[in-house]
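A look at the structure
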Amino acid sequence: MGLDLCTVGGKGDAVSMIVAEALHYAYPGGGDALAGLSLTVKRGRRLAILGPNGAGKTTLLLHLNGSLRPAQGRVLLDGVEAAYSRTALAAWRRRVGLVLQDADDQLFASSVAEDVSFGPLNLELPPDQVRDRVDAALHAMGISALAEKAPHMLSFGQKKRVAIAGALAMQPEVLLLDEPTAGLDYLGTRQLLEALGALAETTLVFTTHDAGLALAFADEVALFAQGRVIAQGDAQTVLSDANAMKQASLEVPFVARLAARLQGLGLPAQHLRTEEDVLAVLAAHPLAVDQISVSGAV
Amino acid sequence: MSSVVVTKPSAAMLIIDQLAHGNAWRHHALIEKICLGLGGLGVVIGQPGWVTGTLVSCALMAAAVWGARIPFGFLLRVLCIPAGFVVLGALTFLFSVDANGIHFVASGVAAAFTLIGRSFAATVCVCFLALTTPATDLLCGMRRVGLPRDVAEIALLTYRFLFQIAETAATMHAAQAARLGHVTPMRRLRCLGMLVANLLPRAFERARHMEIGLAARNWNGELRVQASAVPVSWWRVAAIVWGWICVLWAGRVMQ
Ligand SMILES: Nc1ncnc2c1ncn2[C@@H]1O[C@H](COP(=O)(O)OP(=O)(O)OP(=O)(O)O)[C@@H](O)[C@H]1O
Ligand SMILES: [Mg+2]
């Protein structure tokens, strides 16, 4: 059942895992949410999707796990056009997990542990394994202590972590996360990134409004505007492209601007992603600090 | 250990739910609490008389307050409304009204006491269960004794939605108040109308999103979850049953 979807690699491009080709979609009674959008998700990489409110980020994620079906265009999984039959969708979702923007849309069970067990049970895993997966997912999200709590008694950020744990427990090949860090506190964000970073094999696609986070965490970035991708590529390149960023109503992140400056000064700053990276370069080249301030505001 | 802290003291229903989830006996097996609550109810029904009623009430209130650490004040608050009805009902035994006015009926005293004792005890039994056992656990138990799966799942989702809708309504209400929506009775009425009108489409939207969320986790039409197994202490069950037998016997002897 659905084995055609489960073969790894197979025919087609071995690197691109999910390909969206010229997707068009309009909500009933609305304008175009996706207007000929094309995007490639590469195996084992982390793709950040950035763009202003209403650009179509959530709508795209819903297409990438078959929750929405495009009016035009198609979605390819490992080079094979996705089908929308019951069995095909089940196999698709086995491989591609989704965490919605609002955790309340996802939690239904009477306790956190029960809710997280829902996905693994649907994978027909034996009870022991389900229990292990639930424990591991709760631990990864730092919410083991909440296991017996009712979802309606949790804070916004706690619910969010539960929703993510629910998807993690299914150990999908691709994990789609809609604004995973929105509403999380500093520690929560760090924990989430750590947990996601530990999933070396998993392909990640996440939307965010935080360009700095995308630079620090993503391998690749896609910029959205008005239902289209206006740029996709290496995170540093795209996020430093002032023109494209402006089109997507975004600002080039501080670290990227600083890196550009340092590179202008002939310093090895091609791969700076975080403030720590910048500080390390500055520590190695103390004179650069003066030069940066002389050459004007960053 | 510490007693239960009630964080959002909004409506009594929400507090009952919080206590049900957070009381000291939350993790005792369902069957033990059923034995206590429904067992008490059985005793009250099986042995009429105010003595049995009083003994059962005292036993269960003590269990709730000392055992499950339900705040005594809150327990009284929950009980006082049904108790009020019971007392009003009992008054009809004590007084009769005819053309000459209202008369005290001495022979009705015993009947009134019996009614109060039994009805109050029955109320305590039900409140004890409601305060110590989350509704979802009770559903789980009913499912095991034959409640159809579909009914149980609908009840579970309804329960979940009730809280979401209550929360949405409370948030909308606060948002209206923050923008001075409730300063005059006329505006308050208008705001209430808008709130109610908006809740339904929102609930529908919620349900639609919930379906997407469930489908993403390979929902196949059945809401299966792994409940954490609580070991039943048959010693405690036996002790409870023995306790109720003693109460039955005491009630019979002392009546
Ligand atoms: N349920 C819906 N019904 C009608 N139109 C919708 C619905 N959901 C989204 N839209 C419209 O589709 C477009 C794309 O919405 P989408 O939710 O994909 O944006 P987004 O990029 O995720 O935005 P945000 O950053 O605010 O989450 C928007 O113009 C929005 O108004
Ligand atoms: Mg969105």
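Residues numbered from 1 in each chain as written. Chains lettered and ligands numbered in written order. Predicted model: local features only at pLDDT ≥ 70, side-chain atom pairs only at ≥ 80, totals over all residues. Heavy atoms only, no water.

**Thoughts on the packing of aromatic side chains**
Residue and element names in this part refer to chain A. The condition that has to hold: Classification of ring pairs rests on two measures: the distance between centres of Phe, Tyr or Trp rings, Trp counted by its six-membered ring, which must be within 6.5 Å, and the angle between planes, read as stacked under 30 degrees, edge-to-face over 60 and tilted in between. Secondary structure elements follow DSSP: runs of H or I of four or more residues count as helices, runs of E of two or more count as strands, with numbering from the N terminus. When accessible area is computed with a 1.4 Å probe and restricted to protein chains, residues below 20% of their type maximum are described as buried, those above 50% as exposed, and intermediate ones as partly exposed. The criterion is that NZ of a Lys, or CZ of an Arg, lies within 6 Å of the ring centre and within 35 degrees of the ring normal, and then a charge sits over that ring.
Summed over the entire model, instances satisfying the criterion amount to 8 aromatic pairs over all chains. Seen in terms of ring centroids, Phe108 and Phe118 are 4.8 Å apart; in terms of plane orientation they differ by 75 degrees. Their pairing is edge-to-face. Of this pair, Phe108 sits in the loop between β6 (96-99) and α4 (112-122) while Phe118 sits in helix α4; the two residues are 10 residues apart in sequence, bridging distant segments of the chain. For Phe118, a relative accessible area of 0% gives the class buried. Between Arg46 and the ring centre of Phe217, over which it is positioned, the NZ or CZ distance is 4.1 Å.

**Quick word on the domain arrangement of chain B**
What counts, and what does not: An automatic or database domain assignment supplies the start and end points of every domain.
Domain boundaries in chain B define domain 1 (12-133 + 228-254) and domain 2 (148-216). The C-alpha centroid of domain 2 of chain B is placed 34 Å from the C-alpha centroid of domain 1 of chain B.

**Quick look at the interface of chain B and chain A**
Rules: Contacts: residue pairs with any heavy atoms within 4.5 Å of one another. Two parts placed together each lose some accessible area; with a 1.4 Å probe, that loss summed over both constitutes the buried area. Salt bridges are identified by distance alone: a Lys or Arg side-chain nitrogen within 4 Å of an Asp or Glu carboxyl oxygen. Polar contacts, as used here, are pairs of N or O atoms within 3.5 Å; protein pairs need one atom able to donate a hydrogen and one able to accept it. Residues neighboring in sequence count only if both atoms are side-chain atoms.
Of the residues lining the interface, 32 residues belong to chain B; the matching set on chain A comes to 39 residues. Taken over both partners, the interface formed by chain B and chain A buries close to 3200 Å², and the fraction arising from carbon and sulfur atoms is 51%. Joining chain B to chain A, the criterion identifies 5 salt bridges. A salt bridge links Asp115(A) to Arg217(B); the shortest N-O distance between them is 2.9 Å. Between chain B and chain A we count 16 residue pairs in polar contact (both at pLDDT 80 or more) in total. Elements that contribute at least two residues to the side of chain B that touches chain A include exactly α1 (12-22), α7 (149-178) and α8 (185-216) of chain B.

**Some remarks on unusual backbone geometry**
Residues and elements named next belong to chain A. Located in the positive-phi region is Ala22, a residue other than glycine, with phi close to 45 degrees. Looking at where Ala22 falls in the secondary structure, it is placed in strand β1 (residues 16-26). With relative accessibility at 36%, the residue Ala22 sits in the partly exposed group. Located in the positive-phi region is Glu179, a residue other than glycine, with phi close to 50 degrees.

**With respect to the nonpolar core**
All names here are of chain A. Keep this limit in mind: The nonpolar core is taken to be a set of buried Ala, Val, Leu, Ile, Met, Phe, Trp, Tyr and Cys residues, with the residues joined through side-chain atoms within 4.5 Å.
Core analysis: the biggest nonpolar cluster contains 67 residues, and Leu50, Val221, Leu223, Leu239 and Leu262 have the highest contact counts within it. Per-element tally for this core: the top contributor is helix α6 (residues 156-168), with 6 residues. Filtering out sequence-adjacent residues up to four positions away, Val221 remains in contact with Leu47, Ala48, Leu50, Ala214, Ala231, Gln232, Gly233, Ala235, Val238 and Leu239. Counting 33 residues, the second largest nonpolar core, distinct from the first, contains Tyr25, Leu60, Leu89 and Val174.

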